[in-house]
Amino acid sequence: MSGESSQTHEKPQTQRQTHVHGVPDQQTTPDGTSLESLGNAQALQFLGQHATGAGALQRRAVQQLAPILGNQQTLQRVFPDEAVADGAIGEQEGGVPIGEEAIPAEMHDFLARGMLPSDKGEDLVPSSGGGLGGFNAKFDPASRALIVTVNVGVTFVNGLQIDSSTGKVDPDGTGLDLSDPDELDSFNELAAHAINLDGNTALSTADKQSIVDSQWRWAGEENTWMSGYRSSVEQAWSGQHFFVNKEWGELKSNVRVVVNVHSGTGKLDHCNAKIVKTPPPPLDIGAYVQRGSATDPNDQELIMSSSSVGPRPDNLLKQKLFFANNSASLDKASSQPGGAGTDGRTFLQQYINTYKSAAGNDGQPIQIIGRASSTGAAAHNQTLSEQRAAAVENFLVSGGISATNAQRTTDSGEGETGSGSEAEFRRVDLTVGDGEAQNVGAHEFGHMLGLDDEYSTLPENPADRSKEGLISGTGNPVGTAVSHNDLDNNSGQDIGIDGAVSENNDNIMSLGNTVAPQHYSVFHFALEKVTTKDWEYGGPGDAPTVVPGTAVPGGVIT
Amino acid sequence: MSELIVSYLIRRHQGTAHGFRVYADGQVESYQSSRYVKAADGSITTESLTPDWYPLTSLDGSQVQHAKRLVIESGAPQMPTDLNESRQPDTSKRSSAEWQIGTQDGIKTIIVPEWVPDSPHGKALVELESQINEIIHAAT
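Criteria and cut-off values
- Throughout, residues of each chain are indexed from 1 in the direction in which the sequence is written.
- Whichever chain is written first is A, and whichever ligand is written first is 1; the rest continue in order.
- It should be noted that, the model being predicted, local features are given only for residues of pLDDT at least 70 and side-chain atom pairs only at 80 or more, the latter also being counted only at that level, while totals for whole chains, interfaces and linings use all residues.
- We count a stretch as a helix when DSSP gives it H or I for four or more residues in a row; a strand needs E for two or more, and each element gets its number in order from the N terminus.
- Residues are called buried when their C-beta atom has 20 or more other C-beta atoms within 10 Å, exposed when it has 12 or fewer, and partly exposed otherwise; all C-beta atoms are positioned from the backbone.
- Each residue gets a C-beta atom placed from its backbone, and two residues are in contact if those atoms lie within 7 Å.
- The angle between two axes is taken between their N-to-C directions and runs from 0 to 180 degrees, where each axis is a line fitted to C-alpha atoms and a helix contributes only its stretch in contact.
- Each crossing gets its hand from how the near helix is turned against the far one by less than a right angle, where anticlockwise is left-handed and clockwise is right-handed.
- In this classification, the charged set is Asp, Glu, Lys and Arg, the nonpolar set is Ala, Val, Leu, Ile, Met, Phe, Trp, Tyr, Cys and Pro, and all remaining amino acids, among them Gly, are polar.
- What pLDDT conveys is the predictor's confidence in a given residue, as a value from 0 to 100.
- By this definition, two strands are paired if DSSP reports at least two bridges between them.
- Each residue after the first adds 1.5 Å to the expected span of a helix.
- Throughout, the arc means that of the directions going from the helix axis to the C-beta atoms.
- When buried Ala, Val, Leu, Ile, Met, Phe, Trp, Tyr and Cys residues are joined through C-beta atoms within 7 Å, the set is termed a nonpolar core.

## Things to note about the overall build of chain A
Right, on to step 1. A tally of helices and strands in chain A yields 11 helices and 17 strands.
Right, on to step 2. Counting the 558 residues in chain A, one finds 48% classified as buried.
Right, on to step 3. For chain A, restricting intrachain contacts to residue pairs at least 6 apart in sequence, the fraction spanning at least 24 positions comes to 69%.

This is the structure:
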């Protein structure tokens, strides 16, 4: 929307010459202008930035109250002994009266229109989602929030079944569409799990019956699952960033995400979810959203393992490299304890391939912590752990883990702290970003909003494993622009929102849980659509507000 | 090692993988990274395994012949070795697959960077996956 002229209120800006009363006469701006000659907003801005004439508490109050109370009420609260309530404020030479909250008249009219575009909201599909995304959006002027609602109808699918008479374990999958190659593939994955359990000769029929019934079939926990899904998704996506109206800087909008999840299907559902009961990975079938049409907000499908809500056990932001006994040599290191798996140098090259920063990006911090087993003297093990961490860091830095940021990695040694004597403790732990394991359900919800994946993968290369990554499959190369890179198609004008590229980091559309500004591009699109106003990125979290009565250093906001 | 008839391995981007190998002598291997184990106290837990091929079961002679016929009928022996067919994948479903087919000229490997390809080849291979699974399942 930025750059376009689609505002519904086209009233010309009125020159405002409101006098500020009650501010000490000796206050002037650095260029000598008396505060007396400034408008309310200018005066408040000046007071918010300068200590002159106002105590620290008053200054803080001005900064935090003005956005929510308006200029006039803020002046009255911050300077209660001054003559600001005498009616002088609120009059304006331009002839447009300032409303009770001392906000621009056009903004007052805008807010008085009520819920936008209507109480029912509007169903939207982001244009750049390639068939992803479908939700209802409306702007609530009372709470100054964009309310995004996603209706999700759930079909609960059992993963496996067992014939109690024969003990034969079979895939169930009732509810999956086997005419769809991807859902057939998910069914085939269930079949592989069934075959492996069936062929497990160490288990009795009773054991298999117990496993199938407790881990692979729904048994009354459906409502608990829906409740957990709703709360985790709403918490993940609400209130992460806010927007500021370009016309009226006083007007800010938070974002509230509402997930209406119910059993069955309905006409108003934006997504039909097939939730397959499975244990956690690697005994799951993963999760994915099937694209719908580019115009229908009600035709998406989510196929997901029930275990995909909550932190995934195979945290892709954390990797380990294991060393030989009493050695810090990468030549003897390996991806698995005791020398098993990929050799150390190949593993670290794969690590670089996987987590290198996109061109122009510094990349998220990588924490490298060396450890040692408890075998041997503690002081020696401390040194050994530091040597292991340093060897890893040197390899990563010299290999180009970041082209622009030499400080991306930090290394330290923990010695034998918390270690036993086993080979698994002779290692280095590598953590990208905040290291928080992804909630796959929340990641998939990003797709349901219209966002694409940001993680990066490399193809398998059996001829040269050092050219592979640690994450298999074929994603985009690091640095490739993803589809929500410029969701409004306005040549990247939305600063702070546009510019999403593929990179493996702790962002929620990559490998972690952080909802970054670019992920709010769909909400930015929705906000501009339902308000027909231009908005820009405001900052992280909700818009700053302070409720009167809040304790601050030296007193209480009154 | 006996002659390989067919092998498939499908890796999801997260790193999990599954697949089976069928040999001419009927031996079947399963690619696994965990399995259920029963502890001495009777409790059942999952045990991590080094991701690799593990012996699973054996097919009889007719099942082996059936598997051979299915491979031929699928058209896999005539497919390109690099099945790099573009598609718009479902999100997070991005997987890769590696198929191996025993032929008179040796083992033919088919790399599928984007599994499941939305093409006749892709549909044929996912069908073959289902059919091979059924044969193996009947033997467990």
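## Some words on the overall build of chain B
Right, on to step 1. Looking only at helices and strands, chain B has 2 helices and 6 strands in total.
Right, on to step 2. Secondary structure elements of chain B occur, N-terminal to C-terminal, as β-β-β-β-α-β-β-α.
Right, on to step 3. Considered along the principal axes of its C-alpha atoms, chain B spans approximately 50 × 40 × 25 Å.
Right, on to step 4. In chain B, 60% of the contacts between residues at least 6 apart in sequence involve partners at least 24 apart.

## Overview of the packing of helix α7 (residues 222-237) of chain A against helix α10 (residues 440-449) of chain A
Residue and element names in this part refer to chain A.
Right, on to step 1. Where α7 contacts α10, the two axes come as close as 9 Å, and the packing angle between them is 65 degrees. The handedness of the crossing between α7 and α10 comes out as right-handed. When α7 is examined against α10, the residues Y229, S232, V233, A236 and W237 are found in contact with a partner set consisting of G441, A442 and F445.
Right, on to step 2. Of the residues belonging to the contact of α7 with α10, the class tally is 6 nonpolar, 2 polar and no charged.

## Description of the confidence of the model for chain A
Note: predicted coordinates in regions of low pLDDT should not be interpreted at a detailed level.
All names here are of chain A.
Right, on to step 1. On average, residues of chain A score 84 in pLDDT, and 78% of them are at 70 or above.
Right, on to step 2. Low confidence marks residues 1-27, where pLDDT is under 50. Its contacts with residues over four positions away, or in another chain, come to 60 contacts.
Right, on to step 3. Below a pLDDT of 50 lies the segment residues 83-101, which in the model reaches 38 contacts outside its immediate sequence neighbourhood of four places, other chains included.

## A closer look at unusual backbone geometry
Right, on to step 1. Here the amide bond leading from L116(A) into P117(A) is cis, since omega sits at 0 degrees, within 30 degrees of zero.
Right, on to step 2. Along the polypeptide, P117(A) turns up in the loop between α4 (105-112) and β1 (122-124).
Right, on to step 3. With an omega of 5 degrees, the peptide bond running from W115(B) to V116(B) counts as cis.
Right, on to step 4. Within the element layout of this structure, V116(B) appears in the loop between β6 (106-115) and α2 (120-139).
Right, on to step 5. Even without being a glycine, N326(A) presents a positive backbone phi close to 55 degrees.
Right, on to step 6. Looking at where N326(A) falls in the secondary structure, it is placed in the loop between β11 (318-322) and α8 (344-355).

## Examining the sheet that holds strand β12 (residues 366-370) of chain A
Hydrogen bonds between backbone groups are what pair the strands of a sheet, and the pairing can be parallel or antiparallel.
Residue and element names in this part refer to chain A.
Right, on to step 1. Read across the open sheet, the 4 strands follow the order β11-β14-β12-β13; overall the sheet is mixed. Bordering the open sheet on either side are β11 and β13 (409-413), each of which pairs with just one other strand. When the angles between neighbouring strand axes are averaged without regard to direction, this sheet yields 20 degrees.
Right, on to step 2. As defined by bridge partners, β12 adjoins β13 across 5 bridges and the pair is classed as parallel. Along β13, the bridge assignment pairs I368 with D411.
Right, on to step 3. Sheet contacts for α8: β11, β12 and β14 (427-432); angle to β11, the most-contacted strand, approximately 165 degrees.
Right, on to step 4. Helix-sheet contacts for helix α9 (residues 378-398) involve β11, β12, β13 and β14, and the interaxial angle to β13 is about 165 degrees.

## Concerning the interface of chain A and chain B
Right, on to step 1. Residue-level contacts link 46 residues of chain A with 43 residues of chain B.
Right, on to step 2. Going through the elements one at a time, α5 (181-198), α6 (205-215), β9 (287-290) and α10 of chain A are the ones with two or more residues in the side of chain A that touches chain B.
Right, on to step 3. It is α5(A) that provides the largest number of residues to the side of chain A that touches chain B, a total of 13 residues.
Right, on to step 4. Of the residues assigned to the side of chain A that touches chain B, the class counts are 21 nonpolar, 15 polar and 10 charged.

## Focus: helix α1 (residues 61-74) of chain B
Turn by turn, an α-helix covers 3.6 residues, leaving residues three or four places apart pointing in a common direction.
Residue and element names in this part refer to chain B.
Right, on to step 1. For α1, which comprises 14 residues, the first-to-last C-alpha distance of 20 Å matches the rise-based estimate of 20 Å (1.5 Å per residue) to within 8%.
Right, on to step 2. Those residues of α1 that fall on the buried side of the exposure criterion are V64, A67, V71 and S74. In a view along the axis of α1, the buried residues occupy a sector of 95 degrees, so they form one face of it. For α1, the exposed residues lying more than 90 degrees away from the buried face are G61, S62, R69, I72 and E73.
Right, on to step 3. Along its buried surface, α1 packs onto β1 (4-12), β2 (17-23), β5 (95-103) and α2.
Right, on to step 4. Positioned one or two residues after α1, G75 has a phi angle of 85 degrees, which is positive.

## So, the confidence of the model for chain B
Residue and element names in this part refer to chain B.
Right, on to step 1. Averaged over chain B, the pLDDT score is 89; the fraction of residues at 70 or greater is 90%.
Right, on to step 2. Per-element confidence in chain B ranges from a low mean pLDDT of 89 for β6 to a high of 97 for α1.
Right, on to step 3. Model confidence for the complex: the whole-complex pTM is 0.81, and ipTM, which rates the interface, is 0.94.

## Remarks on the pairing of strand β3 (residues 27-38) of chain B
All names here are of chain B.
Right, on to step 1. Bridge analysis of β2 against β3 gives 4 bridges, and the strand direction is antiparallel. Bridge pairing links G19 to Y31 in β3.
Right, on to step 2. Pairing analysis gives 11 bridges linking β3 to strand β4 (residues 44-58), with the strands arranged antiparallel. Of the residues in β4, the one forming a bridge with V37 is T45.
Right, on to step 3. What sits between β3 and β4 in their antiparallel hairpin is a turn of 5 residues, with G42 showing a positive phi close to 90 degrees.

## Some words on the nonpolar core
Right, on to step 1. One finds L146(A), V148(A), A526(A) and V22(B) to be the most contacted residues of the largest nonpolar core, which totals 101 residues.
Right, on to step 2. Ranked by the residues each element gives to this core, the list is headed by strand β3 (residues 145-157) of chain A, at 9 residues.
Right, on to step 3. Residues contacting V22(B), with those up to four places away along its chain left out, are I5(B), V6(B), V28(B), L59(B), A67(B) and I132(B).
Right, on to step 4. Residues L317(A), F347(A), L348(A) and L384(A) belong to the second largest nonpolar core, which totals 30 residues.

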